Amino acid sequence: MADFSLETPIAYLKGVGPKRGELLSKELGIFTFQDLLYHLPFRYIDRTRFYKINQIDPEYSSVQLLGRLIKLTSVGEGRKRRLVGQLKDETGIVELIWFQSVRWLENNLSVGSVYIVFGKASLFNNQLSMSHPEMELYEPKMKNKGNQHLQPVYSSTEKLKRFSLDSKGIQRLVLNLLDSIYTSIPESLPDYIREKHKLILLREALGAIHFPSDESALSLAVNRLKFDELFFLQLKILRTKTINQQKFKGAQFHQVGNHFNNFYRNRLPFLLTNAQKRVLKEIRRDTISGAQMNRLLQGDVGSGKTVVALMSMLLAVDNGYQACIMAPTEILARQHFHGITELLGDGICSIRILTGSTKKKERREIHEHLLSGELDILVGTHALLEDIVQFQKLGFVVIDEQHRFGVEQRAKLWRKSFIPPHMLVMTATPIPRTLAMTLYGDLDISVIDELPAGRKPIRTVHLFESSRLRMFGLMREEIKKGRQVYVVYPLIEESEKLDLLYLEAGIDTLTREFPRPEYQLSIVHGRLTPKEKESEMQRFVKGETQIMVATTVIEVGVNVPNASVMIIENSERFGLSQLHQLRGRVGRGAEQSYCILMSTNKLSREGKIRLETMVRTTDGFEIAETDLQLRGPGDIGGTQQSGVLDLKLANLATDQQLLQTIRNEVIQIFESDPELKNEENLLLKNYLNQKIIGIAWEKIS
Ligand code: ADP
Ligand code: MG
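Starting afresh in each chain, residues are numbered from 1 along the sequence in its written order. Whichever chain is written first becomes A and whichever ligand is written first becomes 1, with later ones labelled in order. In view of the model being predicted, local features appear only for residues whose pLDDT reaches at least 70, and side-chain atom pairs are presented and counted only at 80 or more, with totals across whole chains, interfaces and linings using the full set of residues. Side-chain figures throughout are based on the complete set of non-hydrogen atoms in the structure, without hydrogens or water.

**A word on the packing of aromatic side chains**
Here is the rule: Centre distance within 6.5 Å is the pairing criterion for rings of Phe, Tyr and Trp, where only the six-membered ring of Trp is used; planes under 30 degrees apart are then read as stacked, over 60 as edge-to-face, and the remainder as tilted. The buried label applies to any residue whose accessible area, calculated with a 1.4 Å probe on protein chains only, is under 20% of its type's maximum; exposed applies above 50%, and partly exposed to all values in between. Only runs of H or I of at least four residues qualify as helices and only runs of E of at least two qualify as strands under DSSP, and these elements are numbered from the N terminus.
Taken as a whole, this structure holds ten aromatic pairs when the rule is applied. Here F231 and F232 contribute two aromatic rings whose centre-to-centre distance is 5.2 Å and whose plane-to-plane angle is 85°, an arrangement assigned as edge-to-face. Take F231: its relative accessible area is 0%, and that puts it in the buried class. Ring centres of Y486 and F540 lie 5.2 Å apart, and the angle between their planes is 50°; on these two criteria the pair is classed as tilted. With Y486 in strand β18 (residues 484-489) and F540 in helix α18 (residues 530-541), the pair connects residues that are 54 residues apart, well separated along the chain.

This is the structure in structure tokens:
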């Protein structure tokens, strides 16, 4: 017998051959024995129970019946010939129909006998019938009680089906596969971990996930395989982190000096929240540790991340280092620059801004001052990443709104200094813990979970089109009080034209309701140049206009404390995290703020849940959690590069407990054996070195 292994090309499997082998690779990405082994059933047909005929529902997938064949007749002629039977149990009668193999069935089925019948029922002319059911003679003496298994159902394709590789065909191949390699499926986890977490052997799990004897066997198998998925992902992530900590020395900020103290005592216009203080302590602890800091700062919009970033940068300056803060858009960078210079006042330290639109002469000057060390803090956009931007001694980097920057770009900033600078990545998109552990598993995580005192929670209402007058009313009232209003339209990606149409129609109505000169509008959309956008924005910021009409360009970071109403048109078109971001644009002052979600009457189930969630809560983490439940992790920023999408069984929304357990386990492993030198961790070390065994999900699908 040939010597099979997991790497054996699929064509060598009994029942495959070159032609089907090629098709399996092309259609399903199955190249090797291992690939087929991990082509998991996507559901199971329950063959462990029998249904009564009066319990059958055409909604069910296939069901298993036990009954007597009381009638069998052939109907029609030639190609229309079919075989019609009747099956009876104590609750009723169901019709059975076959269009193929009619002669053979006629000769082999026996009227009057009891059969185990398996198939899908459908309703035809108000009568239940089953076409092409499987028939198995019931023999009480042999005690065969049907097929007592959960029968696997596999995904397949039209092409494969033409080569008899439908779900059943694939099932046969998997049987052959398990026959030939079952005993040589290697174990991936060390015994001590398996025992501690009460996990069955990998090979048992793989056998049982394809052919579970019952529900409980299936759930043991699923547990084991989920564990593997999450465990090896965390192993990789935390290994990277462990290596980084050992390899990269960080600048040590030994002292808290004048810049920091001066700012804290003389400039800071408010008391820090406890959450802000806690995060500053965490950063302080990291920056004297001697290792490079990589920290993610999560905090809802308006929670006050900027001041934390600023004070961290001052700490760097106190210790003879420079710092920079990078934002994803020009508008945001400017906002940071204005905000920070205002907070700092004159004389504490030098600060400049560098963006794509910075003039040549100014640019040159900035480059020079960076190199000479005259410049302490640089604010900017992607422009900071250019090679020509060189610092004398960069010690601290802040990246705002991380999800817009790739890992690549983070790395670019790293390289701007001999000793890699400390990195603080800020995001206003709260990420559920499980996702953060995976997406940013190599970062430490800080959370600002407290808004500055005195903020009134934003009042959110959901209105249908018929209540538009109420909306205008509220706008008028607030504007009369001297407040400002945002009106946001969705960006319809498929059709920029349609997009503008909505916007224009909206603007028409608004100008009619809010005529000049009493009312003034700012209008911002994607077709404007950055300069035009900026000037429209500025008119609103300065209070020259009361209403800002925009497509979602204002989503990120804009801060106008006097704005108290956020109206979101066609709000059902927005994702939850976007809605949350937008709402965060108001409620920044001490006044009561409002968010109005306008929508059509026709809401999908999910759309309804989204809007209800927004009305119910303002807690970003709760919203993120709901978002994850609704959408799965696939659509959440950053998941593409993280391996989250390769998870076949584990679900970051529902397996949080398991993930936490596993992460703790992996942390413990690295704490007690950072280089995996112990005999008992040999398997893990081999995995990280070779990445071959037991990780089919890593092969790009
Ligand atoms: P975000 O976390 O969204 O970046 P910002 O840093 O822009 O939030 O802060 C929002 C507003 O709250 C700013 O005007 C800022 O000055 C103010 N702020 C920050 N911290 C506090 C605090 N502890 N008390 C009062 N206001 C604060
Ligand atoms: Mg911000």
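Still to come is the rest of the account.
**Some details on the pairing of strand β21 (residues 563-568)**
Worth spelling out the cut-off: The pairing criterion is simple: DSSP has to find at least two bridges between the two strands. A crossover counts as right-handed when, viewed with the strands pointing away from the observer, the path leading from the first strand over the helix to the second turns clockwise.
Summarising burial for β21: six of the six residues are buried, a large majority. Across five bridges, β18 lies against β21 in parallel orientation. Residue pairing in the sheet places Q484 in a bridge with A563 of β21. When β21 meets strand β22 (residues 594-599), the two strands line up parallel, connected through four bridges. Counterpart to V565 in the pairing with β22 is Y594. Note that the unit made of β21, helix α19 (residues 576-583) and β22 has a crossover that is right-handed.

**Observations regarding helix α5 (residues 167-181)**
Defined as follows: An expected span of 1.5 Å times one less than the residue number is assigned to each helix. By definition in these notes, contact holds between two residues if any of their heavy atoms fall within 4.5 Å.
Over its 15 residues, α5 runs 21 Å from end to end, which matches the ideal 21 Å to within 8%, given 1.5 Å per residue. Across the 15 residues of α5, eleven count as buried, placing the element largely inside the fold. Regarding α5, the residues found buried are S167, G169, I170, Q171, L173, V174, N176, L177, L178, S180 and I181. The inward-facing, buried residues of α5 abut α1 (17-28), α2 (33-37), β9 (150-153) and α7 (202-210).

**Description of the environment of H210**
Our working rule: Any N or O atom pair separated by 3.5 Å or less is treated as a polar contact, with the protein-specific requirement of one donor-capable and one acceptor-capable atom, and with residues adjacent in sequence counted only for side-chain atom pairs.
Within the secondary structure, H210 is located in helix α7. The buried category is assigned to H210, whose relative accessible area is 0%. With 167 residues separating them along the chain, H210 and R43 place their C-alpha atoms 9.9 Å apart. Non-local contacts of H210, meaning those with residues more than four positions away in its chain, are made with L36, L37, H39, L40, P41, Y44, P152, Y154, V174 and L178. At a separation of 2.8 Å, a polar atom in the side chain of H210 contacts the side chain of Y154.

**Some words on the site of ligand 1**
Short version of the rule: If a single non-hydrogen atom of a residue is within 4 Å of a molecule or strand, that residue counts as near it. Only the protein chains shown count as covering a residue, and every accessible area follows the Shrake-Rupley method with a 1.4 Å probe. In this classification, the charged set is Asp, Glu, Lys and Arg, the nonpolar set is Ala, Val, Leu, Ile, Met, Phe, Trp, Tyr, Cys and Pro, and all remaining amino acids, among them Gly, are polar.
Neighbouring ligand 1 are 16 residues, the closest being L271, G302, K305, T306 and R455. Q276 is positioned with one of its side-chain polar atoms (N or O) 2.9 Å from a nitrogen atom of ligand 1. Protein contacts shield 79% of the accessible area of ligand 1, which totals 570 Å² for the unbound molecule. Here the shell around ligand 1 is composed, by residue class, of five nonpolar, seven polar and four charged.

**Some remarks on the side chain of T355**
Examined against the element boundaries, T355 turns out to sit in the loop between β12 (351-354) and α13 (360-372). Taking the relative accessible area as the measure of exposure, T355 reaches 0% and is therefore buried. Engagement of the side chain of T355 in a polar contact is seen with the side chain of E330, the distance being 3.0 Å. Dropping the residues within four chain positions of it, T355 is found in contact with E330, A333, R334, R363, T381 and A383.

**Quick notes on the nonpolar core**
Put simply, the rule is: Only buried residues count toward a nonpolar core, which is a set of Ala, Val, Leu, Ile, Met, Phe, Trp, Tyr and Cys residues joined through side-chain atoms within 4.5 Å.
Counting 52 residues, the largest nonpolar core has F231, L235, C324, L378, L413 and L684 as the members making the most contacts within it. Looking at this core element by element, the count peaks at eight residues for helix α8 (residues 215-247). If near-sequence neighbours (up to four positions away) are discounted, L378 is found in contact with A323, C324, I325, R352, I353, L354, I366, L370, L384, V389 and F391. The next biggest cluster of nonpolar side chains, apart from the first, holds 43 residues, and it includes A309, L310, L315 and Y321.

**Considerations on the sheet that holds strand β5 (residues 114-119)**
Hydrogen bonds between backbone groups are what pair the strands of a sheet, and the pairing can be parallel or antiparallel. We count it as follows: Axes, fitted as lines to C-alpha atoms, cover a helix only where it is in contact. Angles between the N-to-C directions of the axes lie from 0 to 180 degrees.
The strand order β6-β7-β4-β3-β2-β5-β8 describes an open sheet built from seven strands, whose pairing is mixed. Two strands in the sheet have a free side with no partner beyond their single neighbour: β6 (121-124) and β8 (134-137). The mean inter-strand angle of the sheet, taken between neighbouring strand axes irrespective of direction, is 45°. Here strand β3 (residues 82-89) pairs with strand β4 (residues 92-98) via seven bridges, running antiparallel. Note on β4: the bridge partner recorded for D89 is G92.

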